[in-house]
Structure formats: C-alpha cells, structure tokens
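Report on the structure
Okay, here's what each chain looks like letter by letter:
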Amino acid sequence: MEAVGLVTEYNPFHNGHAYHVTQAKAVTGADTVVAVMSGNYVQRGVPAVFDKWRRTELALAGGVDIVFELPFAFAVQPAHIFARGAVQLLADAGVSSIVFGAEHAELDFLALAQQARERLAADDHFSADYSQTYATAFNDVLAEVVGFRLTNPNDMLGFAYATAVIELGLADQIRLQPIQRIKAGYHDTTLSDDHIASATALRELINQEAPAAEFADYVSQPAAELLAQGTQTADWSETWYDALRYKVLTTPIDELETIYQLTDGLAYRLKETIERDITADYETFMTTFKSKRYTQARLQRTLLYTVLNITDAEMQTAMQQPYLRMLGATPVGRRYLKQQRESFTLPLIHKVEKDDLTGILMLDYRAGRLYQQFSRTRQDKASPLDTGRIPVFIERG
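Every chain's residues receive numbers from 1 upward, in the order its sequence appears when written. With pLDDT at 70 or above as the cut-off, local features in this predicted model cover only qualifying residues; side-chain atom pairs require 80 or more to be listed or tallied, and sums for whole chains, interfaces and linings still use all residues. Water and hydrogen atoms play no part in the side-chain values, which are based on all heavy atoms of the structure.

**What about the pattern of salt bridges?**
By salt bridge we mean one thing: a side-chain nitrogen of Lys or Arg within 4 Å of a carboxyl oxygen of Asp or Glu. Taken as a whole, this structure holds eleven salt bridges when the rule is applied. A salt bridge links R293 to D264, with the nearest nitrogen and oxygen atoms 3.6 Å apart. With a gap of 29 residues between them, R293 in the loop between α14 (282–289) and α15 (296–308) and D264 in the loop between α12 (253–256) and α13 (266–276) connect regions that are remote in the sequence. For the salt bridge of E314 with R366, the shortest nitrogen-to-oxygen distance reads 2.8 Å. Of the two residues, E314 is situated in helix α16 (residues 312–319) and R366 in helix α19 (residues 362–373); the sequence distance between them amounts to 52 residues. Here a helix means four or more residues in a row that DSSP labels H or I, a strand means two or more in a row labelled E, and each is numbered from the N terminus.

Structural data, given as structure tokens:
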C-alpha cells in the first residue's frame, strides 16, 4: 500500500479539504491518505472550534484514512517548526509524498528552499531589524537571494515543508507535490463561491450562530449540523483572557521569563500592559501589547504558552520527543498501519496510559485539560479529551 501525507488543521473540515484529499490521491496514485492534524489548538495560538476527536470524525468521513495528532510542541509554533514536526511524523508514518495546497503551485518549492538555504546560510541581517516583523524581514532577504517574495500563507508553508524535507535529509525519500488552491482564499471572510468557502469564512458563520442550512453548500451534512451548534470553546476575548490576566498578575517577573518565548523584554511588556489597566478588554489589551516586531499570531502563541505555564525547558524537551498518536482510522487506514507497524521508529500511541500523562504527552494533556475546562457545555467538560480515549474508527472504505 502506498500512502500520501497531508498536513492539516481542519478547523473545520470543509469541501475545499475534501477536494484536497481527492486530488492528493489522484496526483500520486496513493491508496491511503495519512493526515497529521493539529490537536485542540491551531498554529496561530487559539483553540480549535471543535476538539480533535470531532474534527477527526469529520476528516475520516471526508476521505482521510488515518489521522495522527501533531503534538502541541509543533502545532502551536511558527511555520518552520510546525512544518518540521509534521514532515517528521509523516516520514516516520511511511508516506512517499506530501501534497499541499499553494497559491503558486507551479513553483518548485524544493529547489527554491535549497537555493535559499545555500545563499542565506551566512546571512543573518534579517534578524537585526526590529522595526518590522521577522516574517517580513525574512521575505526581504529571500527576495534578494532568490528573486521571489513569498507572501501567501500556503506558499509560505510549502516553502517550510520543503526546507524541513531538506534539513531532515528526506529529499530522496519524500516527493513534495503542490496543488493549486482554488476559489476561496485562505483569509477570505465572505462566502463568494457556491461550493467552497475558506475555514475563516466558516468560522465567521459559526460565531454568528448560523443555522445548518447556511453551511450545507460548503461542508458535509454531519459537519453542517455540528457547525450550527456553535464553537465548542470560548475564544480569547472571553474566559481565556481572564485566565491570562490572573496568571500575569499573580506571577513574579522572573517566573514569567521562564515561559517559552516570553523573552527579549516581552515578559516585562506583558506584565506592564496588563497592570496598567486591569479592566481593559482583550481587544484593547492586544492593541497596546502588540508591536511592529512581532506578528499577532506570534503574540497569541506566546499568550497561550503563558496561560498553560509552559516553560522553555518543557518545550525544548517536548520537541525532542515526537510521537505518532493515532486519533482515528478507516479500515483502509488500519490495513496500512498493520503493514507499516514494524517500520515505525517513533512511539506509536493508540490508547493513553497513565505514565504518558506525566511523560511524553505531558504538554498535550495539560493543553487538553485547559481546552476542556473552557468548553461551553457541561457535557464537554465531563468528557475526557485524552484519558481513556481510543482512536475513532469508522467503516468507510
């Protein structure tokens, strides 16, 4: 059996994702689709609209055969760490290709990454200009050395996947295959097409508590019914900000500075901003807290690390302990797992054991418990996100 790998968030799974799955099989000839999916939090540092189990169910129903969780230590990170973690897991899972959407699918991302890697090796001036964000400064240098500026989100992720493949020594093992992103753009907030909408636009509908009928053209019927129930957890403007404010107000500055990425004066800036006006709402706080040096996504991730009390030492340890945690599979996926089982080098986790919660899964367990605490319904709070759970199995295919 041959497998194609996908790097996903499915926040939420929609027709564009179903198209991606179909095209991935068509362009590679693979018979098994393996997705590495962010868990309960997405890359930009906010809770997913639904927990990883519900999103896994929709992914399997939508054509994916196996869903592995991208550990928190990689999922809530800038693109290069996010991509490296995902590529490492897919490689260990035995995929022969990775298919990703791109705004410019005609680009040879592997060649572009190799050229940039060679010419940027000794060039560090992009990190010295604090008047602009790291991403902007990096793109300035990239444009100088390779003659092309990557500004679209999927193009940038494609470049990150290619860089990861090279750095991990997988260029002869995994083929990268971009496919053209169609219709809705990544950041589109409106429903401009009659069949495919961006996840951003669908999240807007969820926040508006739209009925299932308004989702029906863009997602499956089960997904439409789920989306009509509203997001599963509160956003940063609600309970999460209260938790952040409590954490910062009650923690000495030297302890705050041990938090992952709360460095270069950010701990002081965070404490000062919150203490200056403890009655400010989240939007007002963020307007004051953000700066030209950091993107909002970077700051949101840092705030999440702070609420979760994740130290730099804990994060560094977690990044050195990747694993394959299966969230769900179809019969095709289970046959593939049986075929590949002996070749896995990373720990393969089906059911969480007690020792995992204080060991390899410590950060994901902590993050899941917080997600559960801030779930909107009593039923969600009572249902454990990790302990005692087994993978989701459906009988499609």
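**Some thoughts on helix α7 (residues 153–167)**
To estimate how far a helix should extend, the number of its residues minus one is multiplied by 1.5 Å. Across its 15 residues, α7 extends 21 Å between first and last C-alpha, which sits within 8% of the 21 Å expected from 1.5 Å per residue. Buried residues dominate α7, accounting for eleven of its 15 residues. Considered for burial, the residues of α7 that qualify are N154, D155, L157, G158, F159, A160, Y161, A162, A164, V165 and I166. Looking one or two residues past α7, G169 carries a phi angle of roughly 70°, positive in sign. Only protein chains enter the accessibility calculation, which uses a 1.4 Å probe. A residue is then buried if its area is under 20% of the maximum for its type, exposed if over 50%, and partly exposed in between.

**Things to note about the pairing of strand β4 (residues 97–102)**
Burial analysis of β4 places five of its six residues in the buried class, the great majority of the element. Summarising the sheet, strand β1 (residues 3–8) and β4 pair through two bridges and their orientation is parallel. Within the sheet, the bridge partner assigned to G5 lies in β4 and is I98. When DSSP finds two or more bridges between a pair of strands, those strands are recorded as paired. In the sheet, β4 pairs with strand β5 (residues 175–180) via six bridges, with the strands oriented parallel. Directly across from V99, in β5, lies its bridge partner Q177.

**Considerations on the packing of aromatic side chains**
Think of it this way: a Phe, Tyr or Trp ring, Trp meaning its six-membered ring, pairs with another when their centres are within 6.5 Å, and the plane angle makes it stacked under 30 degrees, edge-to-face over 60, tilted otherwise. This model, assessed by the stated rule, comprises 13 aromatic pairs. Look at Y282 and F285: their rings are 6.3 Å apart centre to centre, the planes differ by 40°, and that puts the pair in the tilted class. Highlighted residues: Y282 and F285, both in helix α14, separated by three residues, approximately one helical turn. Considering the side-chain rings of F285 and F289, the 5.3 Å spacing of their centres and the 15° angle between planes classify their relative orientation as stacked. Of this pair, F285 and F289 are both found in helix α14, four residues apart, which corresponds to roughly one turn of the helix. Note on F289: relative accessible area 1%, which makes it buried. Site record: aromatic cluster; members linked through ring pairs are Y41, F72, W240, Y260, Y305, Y371 and F374. Here the guanidinium or amino end of R334 rests over the ring plane of F393, the centre of that ring lying 3.9 Å away. In this scheme, Lys NZ or Arg CZ marks a charge over a ring once it lies within 6 Å of the ring centre and within 35 degrees of the ring normal.

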